[in-house]
Amino acid sequence: IRDMISSGGAALEPYAQTMLPPLLQFAERDEEGVRNVVAECLGKLAAVAPTAVIPQLIALLPSPSAVTRTTVVSCVRFTVTAAAATPLPAPLQEALPDFLQTLADPDLKVRRSALLTFNCIAHNKPTAIREVLPSLLPLLYAETQKRPELVHQVDLGPFKHTVDDGLELRKAAFECMETLLFSGV
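Residues numbered from 1 in each chain as written. Predicted model: local features only at pLDDT ≥ 70, side-chain atom pairs only at ≥ 80, totals over all residues. Heavy atoms only, no water.

Undergrad: Would you mind showing me how to read the nonpolar core here?
TA: Most often, soluble globular proteins keep nonpolar side chains buried together rather than apart. Ranked by internal contacts, the top residues of the largest apolar core, which has 50 residues, are Leu 57, Phe 118 and Ile 129. Taken together, the elements giving at least two residues each to this core come down to α2 (16-26), α3 (32-48), α4 (50-60), α5 (66-82), α6 (90-100), α7 (108-124), α8 (133-142) and α9 (167-183). Apart from residues no more than four positions distant in its own chain, Phe 118 is found in contact with Leu 100, Leu 103, Ile 129, Leu 133, Leu 136, Leu 140, Cys 176 and Leu 180. (Core = buried A, V, L, I, M, F, W, Y, C linked by side-chain atoms within 4.5 Å. Buried < 20%, exposed > 50% of the residue type's maximum accessible area, 1.4 Å probe, protein only. Helix = DSSP H or I, 4+ residues; strand = E, 2+ residues; numbered from the N terminus. Contact = heavy atoms within 4.5 Å.)

Below, the structure written as structure tokens:
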């Protein structure tokens, strides 16, 4: 399906509605690799048929499943990169604040995916987020702080190893801040 969507382009627009249900079904899989492929497919399909795909993705944002929310937010990155030379589709431009508000999600993986998406948009389409930036910056700054509740020790027999579950999140936040500085938003 990924190869078909990648090579099909605008010819797939009439078939978007029939392709969505199986893709959305796989968005809840446990395997991260499968979810990444689904996010790529959904993102490229959203670039081709935004009026059919974007409303379906918005409807999944309040899903109780964190893996579904992660997949939905990740697919926006692929839509942005698929529409590299053209402006963002109007339905996506209108929905960007909804997707990026997942920076406040309680799940770490959803927030990391939202930060990576935010970074991608800031890098490829910085003007698309200019108006919503004041509401997103406090969420971005909050992710740069070390949280003691995410740090724990793992006992490895004679050794104890400190693990910081928030490290990847902080790295993504600082990368996003760097992109924002250099993009001139």
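Undergrad: Help me understand the side chain of Glu 40 in this model?
TA: Relative to the helices and strands, Glu 40 resides in helix α3. Residue Glu 40 is classed as buried on the basis of its relative accessible area of 16%. Ignoring anything within four residues of it in the chain, the contact list for Glu 40 reads Arg 2 and Phe 78.

Undergrad: Honestly, α5 in this entry has me stumped. Any pointers?
TA: For an α-helix the count is 3.6 residues per turn, leaving residues at separations of three or four pointing the same way. Given a rise of 1.5 Å per residue, 17 residues ought to cover 24 Å, and the 25 Å separating the end C-alpha atoms of α5 matches this to within 8%. Within the span of α5, buried status applies to Thr 68, Arg 69, Thr 70, Thr 71, Val 72, Val 73, Ser 74, Cys 75, Val 76, Thr 79 and Val 80. Those residues of α5 that are buried are in contact with α3, α4, α6 and α7. (Expected span 1.5 Å × (residues − 1).)

Undergrad: Any chance you could explain the pairing of strand β1 (residues 151-156) here in plain terms?
TA: In summary, the side chains of a regular strand alternate between the two faces of the sheet. Inspection of the sheet shows β1 paired to strand β2 (residues 159-164) by 6 bridges, in the antiparallel sense. Each residue of the ladder has a partner; that of Leu 156, found in β2, is Phe 159. The turn linking β1 back onto β2 is made up of 2 residues, and Gly 157 within it adopts a positive phi angle of 75°. (Pairing = 2+ DSSP bridges.)

Undergrad: How do you make sense of the environment of Asn 119 when you look at a structure like this?
TA: Relative to the elements of secondary structure, Asn 119 occurs in helix α7. Since its relative accessible area comes to 15%, Asn 119 is described here as buried. As a C-alpha pair, Asn 119 and Arg 77 span 42 residues in sequence and 8.9 Å in three-dimensional space. Beyond its immediate chain neighbours, meaning those up to four positions away, Asn 119 contacts Glu 175, Cys 176 and Thr 179.

Undergrad: Would you mind going over the side chain of Asp 105 with me for this structure?
TA: Mapped onto the elements, Asp 105 comes out in the loop between α6 and α7. Residue classification places Asp 105 among the buried residues on the basis of a relative accessible area of 11%. Contact partners of Asp 105, with chain neighbours within four places excluded, come to Arg 69, Val 110 and Arg 111.

Undergrad: Help me out: how do you make sense of the state of the cysteines in this one?
TA: Working definition: the covalent bond between the sulfur atoms of two cysteines is a disulfide. Within this structure, the stated rule accounts for 0 disulfides. Cys 75 provides the cysteine sulfur closest to Cys 41, a residue in no disulfide bond, and the two sulfurs are 11 Å apart. Of the cysteine sulfurs around Cys 120, a residue in no disulfide, the closest is that of Cys 176, at 10 Å. Classification of Cys 120 by relative accessible area gives buried; the value is 12%. (Disulfide = S-S within 2.5 Å.)

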